[in-house]
Amino acid sequence: MLKKTDPEIVAFLCNWCSYAGADLAGTSHFHYPPNVKVIRVMCTGRMNPLLTLSAFRHGADGVLISGCHPGECHYMEGNYLARRRIALFRKLLGFVGINPERLRMSWVSASEGNKFSRVIKEMTEKIKQLGPLGLEEE
Amino acid sequence: MDNEKLIAEAKTVLLRGDIVGIIGYQKDSQGFRVSPLFVRDERDIEKLFFSPLCWLSLVNYLTLEKGRLLQKGNPGKKAKVALMVRGCDSKALNQIIIERGLSRDEVYVFGIPCNGVIDLKKIEKMFPDVQGSAQVSENNGFYHVRCNGKSHEVPKEELIADSCKHCVSPNPILYDVLLYTPIVVKQPDYRDIEEIDNMSIAEKWEFWREQFSMCVRCYACRNACPLCYCDDCILERLSPQWIYRSVNMSENLIFHLARSFHHAGRCAGCGECERVCPVNLPLMLLNRKLEKDSKELFHYTVGEKAEQKPLLATFNPQDPDDFIF
Amino acid sequence: MAVVPSALVIGGGIAGIQAALDIADAGFKVYLVEREPSIGGHMIQLDKTFPTLDCSACILTPKMADLGNHPNIELFTYSEVVDVNGFVGNFEVTIKRKPRYIDENKCNACGLCEQYCSIEGADPFNVNLSKRKAIYMPFPQAVPACYVIDPERCRFLLTHDCTQCVEVCKKGLNAIDFKQTEKFETVKVGSIVVASGYDLFDPVLKPEYGYQLYDNVITGFEFERLSNASGPTTGDIVINGKKPKDVVFIQCVGSRDKTVGNEYCSRVCCMYTAKQAHLVREKTPDAHITVFYIDVRAFGKGFEEFYDRVKLEGVKYRRGNPSEVYRKGDRLVVKAEDTLSAELVEVEADLVVLATGMVPGKGTVEIANLLKLSRSPDRFLMEAHPKLRPVDTPSDGIFLAGCCQGPKDIPDTVAQASAAAAKALIPLSRGKVTTEVIISFVEESICRGCGFCVEACPYDAIMLKQIQQNGNSISVASVNEVLCKGCGACASVCFSGAMQQKSFTDGQLLSMIAALGEQYA
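Every chain's residues receive numbers from 1 upward, in the order its sequence appears when written. A letter from A marks each chain and a number from 1 marks each ligand, given out in the order of writing. Per-residue local features of the predicted model are confined to residues with pLDDT of at least 70, and side-chain atom pairs are confined, for both listing and counting, to 80 or more; whole-chain, interface and lining totals are unaffected and use all residues. Derived side-chain values reflect all non-hydrogen atoms in the structure, with water molecules and hydrogen atoms excluded from consideration.

J.: What is the right way to look at the pattern of salt bridges in this model?
T.: Close approach of charged atoms lets side chains of opposite charge pair. Should a side-chain nitrogen of Lys or Arg be within 4 Å of a carboxyl oxygen of Asp or Glu, the pair is scored as a salt bridge. Summed over the entire model, instances satisfying the criterion amount to 62 salt bridges over all chains. Between arginine 46 of chain A and aspartate 506 of chain C there is a salt bridge, and its shortest N-O distance comes to 3.0 Å. Of this pair, arginine 46 of chain A sits in the loop between β2 (36-41) and α2 (49-57) while aspartate 506 of chain C is found in helix α13 (residues 506-516), placing the two residues in two different chains. Three exposure classes are used, based on accessible area relative to the maximum for each residue type with a 1.4 Å probe and protein chains only: buried under 20%, partly exposed in between, and exposed over 50%. Residue arginine 46 of chain A is classed as buried on the basis of its relative accessible area of 0%. Numbering goes from the N terminus for both helices and strands, where a helix is a DSSP run of H or I of at least four residues and a strand is a run of E of at least two.

Structure below.
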């Protein structure tokens with residue numbers, strides 16, 4: 001079993017906006033830390049907050065959910081639904097002693113490759129400060 | 001609380017013919033215990049009662065199986081049942097009806113405004129070795145306890161169930177007949193939640209680590225909860241497997257967070273989960289935290305209206321977004 | 001499910017007419033529903049059109065006639081769409097026909113009834129600048145060429161004490177029928193084109209311009225009717241009985257204006273003002289004509305050349321948005337800052353024409369609700385993608401044509417209408433619809449029938465249905481495979497895990513998450 005030395009961030013990216021934005025970051029050579037591991041979903045509306053809990057349990061120190069800007073969701077409302085659920089779930093995480101800063105969302109559109117790399121940099125910094133969560137060892 | 005009206009209504013109900021039975025409370029012959037009673041004919045009616053000892057939700061019996069409450073000898077035909085329902089129970093029942101788990105015409109509701117019930121563990125600790133039956137009534141902030149031939153006056157706070165301390169819905173929000181006078185509603189009080197919220201992250205983690213390390217994953221809380229009535233609970237399934245079999249911190253955390261999150265915008269606050277937990281986990285803290293946040297962030301309260309859209313299937317363009325890059 | 005080989009067009013202006021003709025010419029049946037008693041929209045009210053100075057009615061009426069005679073088009077005029085159900089390929093539409101009180105099959109538009117009717121009222125066709133009778137034909141070239149009775153003015157309908165028109169028509173055709181009532185008809189169509197058009201900004205919302213305060217301040221549309229040979233003044237530009245010597249045009253009234261909530265540019269006003277300035281020059285060669293503008297947008301084919309021509313005709317363009325129009329005797333004064341010469345000017349005028357912008361048509365909100373269409377921030381109907389899908393809506397099978405989607409001129413409207421028709425023809429000509437593959441599905445044995453997924457779905461693609469299970473009748477969710485677009489919002493709200501999205505099931509996502517953490521396990 002590998003001992004973790006670097007924080008791991010699992011990012012759930014929506015297919016139409018954020019995944020394309022992340023792709024653009026890659027093709028445009030906007031550098032971002034390699035700590036992020038991407039799972040593609042069609043829409044952030046698909047994100048059941050319990051999936052983030054599963055990510056934490058499997059070793060993620062931070063989870064990012066990134067979707068289209070409000071009003072621009074490819075499926076009209078998915079990002080609004082995700083925003084409400086994650087807002088509520090973060091507070092519950094904070095209540096049981098998991099720093100809510102470990103679960104963040106971002107709005108990254110398909111043309112915002114630069115923003116994506118900034119978001120990952122900022123989040124990685126923050127998670128480094130917070131340290132490993134360590135749920136996978138419990 | 002006199003039981004005359006209850007018995008009279010029960011008699012009328014059984015005479016109607018369309019109601020196959022009444023689910024209510026009966027006093028055990030021993031000690032402070034209370035059991036559910038299934039009345040199918042007149043002989044059992046006299047046993048029905050209600051007192052502050054009724055620390056039990058009867059709503060769960062309605063959702064035990066999907067095709068529930070079939071008439072005997074008449075497969076496929078739904079039966080109507082009468083049920084004794086306290087304030088919190090009515091919220092649970094209302095939520096089940098909104099979710100089409102039951103239809104309103106399947107239940108005849110005896111509404112019981114309830115001023116709080118007694119935690120059995122607390123009263124048994126205070127009065128051990130009770131011989132024969134014991135009675136409790138409430139008067140002006142005190143419980144009048146009669147057992148072993150003696151009477152005792154005990155302040156309510158010492159015996160009342162923890163989940164009843166924060167009750168803001170003592171009066172049933174739906175009923176066919178109201179058995180007692182409505183009770184003045186208290187203002188919501190979330191100070192105990194705020195106290196925990198104000199602890200540091202590390203302190204909170206330690207608090208809950210201590211709690212969850214006691215959890216043996218007996219699933220009693222899931223079984224007792226009136227709103228946990230999924231036929232195939234995701235926390236039991238192997239495919240997909242949300243939670244592993246091991247009883248340790250991470251799986252226990254997932255179990256409890258998943259269960260309480262599933263009740264966000266649905267929890268009726270009946271406290272059954274706390275009642276049945278063999279290791280006395282303060283599970284209502286999680287539910288009430290979600291209740292507080294739903295109210296403050298999304299202005300959503302369970303049972304405010306008879307028909308309400310689900311909290312997590314709706315949104316407001318003005319929902320908070322301070323956590324979004 | 002087979003696609004119904006017909007289409008619905010909502011709106012009978014130039015956009016609706018063009019779309020209907022294209023679909024009908026392709027061999028499919030079209031139902032065209034128009035709210036007014038005749039098709040023609042606003043275009044039929046215009047005088048000459050820019051930049052060619054074609055007479056609007058002259059180029060429109062042949063299309064209207066084609067439409068009226070087309071074997072594939074069923075025309076519902078004086079009608080409204082009241083209900084739409086179903087989905088692409090199988091829409092069910094309910095149309096309400098308002099009663100004309102005149103039998104369309106009998107009326108031959110002889111006009112005798114109109115001569116004998118004694119009730120007069122303001123004529124909205126001429127922007128209330130003239131009068132029409134209670135029994136009227138909207139305009140001489142109306143399609144269908146049939147009279148109609150205004151129920152808010154007719155004495156028989158209001159107080160039962162006049163039957164003049166009936167007496168007169170009895171002698172011939174007996175076409176008047178006061179026993180008519182509202183009729184509802186349901187039709188099935190495969191696609192829908194929305195062409196509900198525009199309305200014009202009401203300049204009372206800009207009180208500084210004195211509209212309705214001074215009767216020599218008029219809107220661009222009122223100018224069209226004055227200039228039109230079939231209008232209230234038979235084409236002469238006369239105000240208060242006199243030909244104006246000094247005419248001032250003010251552009252951008254109600255457009256590019258945050259104070260009235262219309263930030264957008266209405267696209268047509270610069271050109272129609274240039275055209276109207278030209279018409280004034282033509283009809284009153286020695287008039288002084290000034291146009292106050294912020295920018296001149298002459299972007300289309302022939303537009304810049306036309307604008308140059310108009311300037312050469314001596315129309316003075318001054319850059320500045322006037323702050324006020326006030327009265328001086330029986331004349332007006334327009335006060336503005338000419339930003340290019342950096343001076344405050346006060347121009348005297350006999351006539352001030354306000355180039356009012358476009359706003360979404362009256363029926364837009366109702367149509368949007370009926371068809372569950374979104375509106376863009378400018379309140380026009382929203383297209384699926386502003387660049388790549390300008391005639392589609394996010395709802396399959398419903399398309400947009402013309403100004404209901406945003407302000408535009410006639411050439412662009414016609415182009416968009418044909419585009420919408422082409423798109424509308426795709427499901428009709430293929431006979432089948434292609435659906436999304438990563439849709440949601442329900443495991444019925446687990447489904448609790450709680451209906452949370454129904455609430456969460458943005459496309460109304462899920463409903464609850466009753467099934468028999470173990471001898472009981474229970475309700476479970478059911479996904480409409482044509483409507484489901486595969487977002488997964490339903491799957492994430494389902495507690496029991498019964499609702500899953502193909503290719504993105506909980507099991508699949510959990511496996512991916514576990515795989516990422518494998519090295520630490």
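J.: I'm lost on the environment of tyrosine 317 of chain C in this one. Help?
T.: Residues and elements named next belong to chain C. Residue placement: tyrosine 317 occurs in strand β18 (residues 316-319). Sequence spacing of tyrosine 317 and histidine 278 is 39 residues, and the spatial spacing of their C-alpha atoms is 12 Å. Note on definitions: a residue-residue contact is assigned when non-hydrogen atoms from the two residues lie within 4.5 Å. Excluding residues within four positions of it along the chain, tyrosine 317 makes contact with Gln251, Ala274, Val291, Tyr293, Val296, Tyr307, Val310 and Lys311.

J.: Is there a simple way to think about the domain arrangement of chain B in this case?
T.: How large an interface is tends to be reported as the accessible area lost when its parts come together. Residues and elements named next belong to chain B. Note that domain bounds follow an automatic or database assignment of domains. Structurally, chain B comprises domain 1 (3-129 + 161-178) and domain 2 (191-313). Relative placement of domain 1 and domain 2: their C-alpha centres are 24 Å apart. Joining two parts hides part of their accessible area as seen by a 1.4 Å probe, and the buried area is that hidden amount summed over both. Summed over both partners, the interface of domain 1 with domain 2 comes to about 2,100 Å²; 51% of that surface belongs to carbon and sulfur atoms. Here domain 1 is connected to domain 2 by one salt bridge. Between arginine 266 and glutamate 99 there is a salt bridge whose closest N-O contact spans 2.5 Å. Here a polar contact is recorded for every N or O atom pair within 3.5 Å, except that within protein the pair must consist of a potential hydrogen donor and a potential acceptor, and residues adjacent in sequence are included only if both atoms are side-chain atoms. Linking domain 1 with domain 2 are 10 residue pairs in polar contact (both at pLDDT 80 or more), by the criterion used here. Listed by contribution, the elements that provide at least two residues to the side of domain 1 that touches domain 2 are α2 (87-98) and α5 (162-165). Top element by residues in the side of domain 1 that touches domain 2 is α2. It accounts for eight residues. Under this grouping Gly is polar, as are all residues other than the nonpolar Ala, Val, Leu, Ile, Met, Phe, Trp, Tyr, Cys and Pro and the charged Asp, Glu, Lys and Arg. Tallied by class, the residues present in the side of domain 1 that touches domain 2 amount to eight nonpolar, eight polar and six charged.

J.: Quick question: what am I supposed to make of the environment of tyrosine 209 of chain C here?
T.: All names here are of chain C. Here tyrosine 209 is to be found in the loop between β14 (198-200) and β15 (217-219). By relative accessible area, tyrosine 209 is classed as buried at 1%. Taking the C-alpha atoms as reference points, tyrosine 209 and lysine 335, 126 residues apart in sequence, are found 10.0 Å from one another. When residues no more than four places from it in sequence are discounted, the contact partners of tyrosine 209 are Val217, Ile250, Val253, Asn321, Pro322, Val325 and Leu354.

J.: Which parts of the structure should I look at to understand the packing of helix α6 (residues 220-227) of chain C against helix α7 (residues 269-283) of chain C?
T.: Helix-helix packing is characterised by the crossing angle of the two axes and by the distance between the axes. Residues and elements named next belong to chain C. It is the contact of α6 with α7, at a shortest axis distance of 11 Å, that shows an interaxial angle of 35 degrees. As α6 runs across α7, the sense of the crossing is left-handed. Judged by residue contacts, Gly220, Phe223, Glu224 and Ser227 of α6 engage Tyr272, Lys275, Gln276, Leu279, Val280 and Lys283 from α7. Grouping the amino acids of the contact of α6 with α7 by side-chain chemistry returns four nonpolar, three polar and three charged. Lines fitted to C-alpha atoms define the axes, with helix axes restricted to the stretch in contact, and inter-axis angles between N-to-C directions lie between 0 and 180 degrees. Throughout, a crossing is termed right-handed when the near helix is turned clockwise from the far one, and left-handed when it is turned anticlockwise from it by less than a right angle.

J.: Explanation requested: the packing of aromatic side chains in the structure shown.
T.: The description of two aromatic rings rests on the distance between their centres and on the angle between their planes. Residues and elements named next belong to chain A. By convention, a stacked pair of Phe, Tyr or Trp rings (six-membered ring in the case of Trp) has centres within 6.5 Å and planes under 30 degrees apart, an edge-to-face pair has planes over 60 apart, and any other such pair is tilted. This structure, assessed with the given rule, holds 24 aromatic pairs over all chains. When the ring of tyrosine 32 is compared with that of phenylalanine 116, the centres are 5.2 Å apart and the planes differ by 90 degrees; the resulting orientation is edge-to-face. Separated by 84 residues along the polypeptide, tyrosine 32 in the loop between α1 (18-27) and β2 and phenylalanine 116 in helix α4 (residues 113-130) bring together distant segments of the chain. The exposure class assigned to tyrosine 32 is partly exposed, which follows from its relative accessible area of 30%.

J.: Teacher, can you tell me more about the sheet that holds strand β13 (residues 191-194) of chain C here?
T.: Sheet strands pair via backbone hydrogen bonds, and the direction of the pair is either parallel or antiparallel. Residue and element names in this part refer to chain C. A strand pair is defined by DSSP finding two or more bridges across the two strands. Strand order in this open sheet of five strands is β5-β2-β1-β13-β24, and the pairing throughout is parallel. Edge strands, defined here as strands with exactly one partner in the open sheet, are β5 (73-76) and β24 (398-400). Sheet twist, expressed as the average angle between the axes of neighbouring strands with direction ignored, equals 20 degrees. In this structure, strand β1 (residues 6-10) lies alongside β13, joined through four bridges in parallel fashion. In the strand pairing of β13, alanine 7 is matched with serine 191. The strands touched by helix α9 (residues 364-371) within the sheet are β1, β13 and β24, with β13 carrying the most contacts at an inclination of about 160 degrees.

J.: Explain the packing of helix α9 (residues 249-262) of chain B against helix α11 (residues 284-298) of chain B here, please?
T.: Residue and element names in this part refer to chain B. Packing of α9 against α11 brings their axes to within 9 Å, and their N-to-C directions diverge by 45 degrees. With respect to each other, α9 and α11 are oriented oblique. Relative to α11, the crossing made by α9 is right-handed. On α11, the residues touching His256, Leu257, Ser260 and Phe261 of α9 are Leu286, Asn287 and Leu290. Split by residue class, the contact of α9 with α11 holds four nonpolar, three polar and no charged. Note that the term roughly parallel is reserved for angles under 35 degrees, roughly antiparallel for angles over 145, roughly perpendicular for angles of 65 to 115, and oblique for everything else.

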